[in-house]
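Coordinate inspection notes
Single-letter residue listing:
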Amino acid sequence: MLHPSYSDLINAVNSEVAPGEEPIVQSRYSIVIATAKRARQLIAGEEALVKAPSNKPLSTAVEEIHQTMVKVMGEDDIPEDEFEA
């Protein structure tokens, strides 16, 4: 079992959303995609923002998201010029 759970990660990401607004992450699929993207960034050489119990990129990415050290953005929040063709 993962620690923290999917529910904990989703709640952490959505903690900054104002009441009445649509949550940023609504499914396990979305949180998995966000975590995998951050893990790929770490593998590519970006600096880790937290010290995770394991030095594996995926564990570090999960911990960063849980501690809200990285911001998960919805598709509507990304400027059009940053979309890949």
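Residues numbered from 1 in each chain as written. Predicted model: local features only at pLDDT ≥ 70, side-chain atom pairs only at ≥ 80, totals over all residues. Heavy atoms only, no water.

Turning to helix 3 (residues 57-66), its buried residues number three or more, namely Thr60, Ala61, Val62, Glu63, Glu64 and Ile65. Along its buried surface, helix 3 packs onto helix 1 (6-14) and helix 2 (28-43). (Buried < 20%, exposed > 50% of the residue type's maximum accessible area, 1.4 Å probe, protein only. Helix = DSSP H or I, 4+ residues; strand = E, 2+ residues; numbered from the N terminus. Contact = heavy atoms within 4.5 Å.)

On to the environment of Val32. Residue placement: Val32 occurs in helix 2. Counting along the chain gives 26 residues from Val32 to Tyr6, while the straight-line C-alpha distance between them is 8.6 Å.

Once that is clear, we can look at unusual backbone geometry. Of note in this structure, Thr68 is not a glycine but carries a positive phi near 50°. Secondary-structure assignment places Thr68 in the segment after helix 3. Judged by relative accessible area, which is 34%, Thr68 ranks as partly exposed.

Residues Leu9, Ile10, Val13, Val25, Ile31, Ala34, Val62, Ile65, Val70 and Val72 constitute the largest nonpolar core, which totals ten residues. Of all the secondary structure elements, the ones that give two or more residues to this core are helix 1, helix 2 and helix 3. Tallying contributions element by element places helix 1 first for this core, with three residues. Beyond its immediate stretch of four places on either side in the chain, Ile10 contacts Val25, Ser27, Arg28 and Ile31. (Core = buried A, V, L, I, M, F, W, Y, C linked by side-chain atoms within 4.5 Å.)

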